[in-house]
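# Report on the structure
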Amino acid sequence: ELKVEQNPLFLSMQEGKNYTIYCNYSTTSDRLYWYRQDPGKSLESLFVLLSNGAVKQEGRLMASLDTKARLSTLHITAAVHDLSATYFCAVSTVDINSGAGSYQLTFGKGTKLSVIP
Amino acid sequence: DTAVSQTPKYLVTQMGNDKSIKCEQNLGHDTMYWYKQDSKKFLKIMFSYNNKELIINETVPNRFSPKSPDKAHLNLHINSLELGDSAVYFCASSQPSLYGYTFGSGTRLTVV
């Protein structure tokens, strides 16, 4: 069974500081996703990482993927209060029992980020 | 134009009732999903439906049944609702060649 582990699960940080969220997964995958969820809201896609060494940046967030280590990181630079949310990583795998080659996402437990002024 | 739309947004019902949640996508995606998010925010796949092929997560009780009248719709029907079914249910769709998954806004189900 695929396991996706995020840490930390809770993160409280001051504005202006940097921090990294880690996402480890237990099986081979070539697709890793990062999502943001605000309270009571849906999941917003942040990044899709498709290959080893992939790095993507959007504003104060940067995501990277190391498929050999089965590790992705989400780095937060100079945090601001608006970044407060829950961040999920998710790994996409194909169901080998599916004749149609159905992909599905397996999520980590999420990291609840609180940025304190 | 909402890409993946779910109705209702909130659903409060008594134990033992049967209810349905509807989902529609206008993205032309081939695969649709139902995910359950529990009170601890953990997201777990319940079903995926691709070209009329249904893949069921074996941990999902058979009281839950997805119904897909066509490629753009995947509804979730729940029989004999239990307190433990209270959660937020998200519909999603994807097109493997496009890599992206799009989520609906969620349905918060409360069983009392």
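Let me sum up the structure you'll find in this document. Just so we're clear, the structure is a prediction, and the values are computed from it rather than from any experiment.

Right, let's get into the environment of Thr106 of chain A. All names here are of chain A. Residue placement: Thr106 occurs in strand E10 (residues 103–107). Counting along the chain gives 17 residues from Thr106 to Cys89, while the straight-line C-alpha distance between them is 8.5 Å. Those residues in contact with Thr106, other than ones at most four positions away along the chain, are Leu2, Val4, Cys89, Ala90 and Val91.

Once that is clear, we can look at the sheet that holds strand E7 (residues 64–70) of chain B. Residues and elements named next belong to chain B. One open sheet accounts for four strands, arranged E1-E3-E8-E7; its pairing is antiparallel. Both edges of this open sheet fall to strand E1 (4–7) and E7, since each of them pairs with a single strand only. Across the sheet, the axes of successive neighbouring strands diverge by a mean angle of 20 degrees, strand direction being ignored. Bridge count between E7 and strand E8 (residues 73–78): five bridges; the pairing is antiparallel. Looking at the pairing, Pro66 lines up with Leu76 of E8.

Attention now moves to a positive patch on the surface. On the surface, a cluster of positive charge is made up of Lys41 and Lys112 of chain A together with Lys9, Lys41 and Arg108 of chain B. Relative to the assigned elements, Arg108 of chain B resides in strand E11 (residues 107–111).

Next up on the list: unusual backbone geometry. The omega torsion of the bond from Asn7 of chain A to Pro8 of chain A falls at 0 degrees, within 30 degrees of zero and hence cis. Topologically, Pro8 of chain A is positioned in the loop between strand E1 (4–7) and strand E2 (10–14). Pro8 of chain B follows Thr7 of chain B through a cis peptide bond whose omega is -5 degrees. With respect to the helices and strands, the residue Pro8 of chain B is situated in the loop between E1 and strand E2 (10–13). One non-glycine residue, Ser80 of chain B, lies in the positive phi region at around 50 degrees. Turning to its location among the elements, Ser80 of chain B is positioned in the loop between E8 and strand E9 (87–94). With a relative accessible area of 39%, Ser80 of chain B lands in the partly exposed category.

Reading the values: rules and limits
- Residues numbered from 1 in each chain as written.
- Chains lettered and ligands numbered in written order.
- Predicted model: local features only at pLDDT ≥ 70, side-chain atom pairs only at ≥ 80, totals over all residues.
- Heavy atoms only, no water.
- Helix = DSSP H or I, 4+ residues; strand = E, 2+ residues; numbered from the N terminus.
- Contact = heavy atoms within 4.5 Å.
- Pairing = 2+ DSSP bridges.
- Axes fitted to C-alpha atoms, helices over the stretch in contact; angles between N-to-C directions.
- Patch = residues over 30% accessible without salt bridge, like charges linked within 9 Å, V, L, I, M, F, W, Y side chains within 5 Å.
- Areas by Shrake-Rupley, 256 points an atom, 1.4 Å probe, with all protein chains shown as cover.
- Salt bridge = Lys/Arg side-chain N within 4 Å of Asp/Glu carboxyl O.
- Lys, Arg positive; Asp, Glu negative; His and termini not counted.
- Charge placed at Lys NZ, Arg CZ, Asp CG, Glu CD.
- Buried < 20%, exposed > 50% of the residue type's maximum accessible area, 1.4 Å probe, protein only.

So, to be careful, I would describe these as geometric facts and stop short of saying anything about function.
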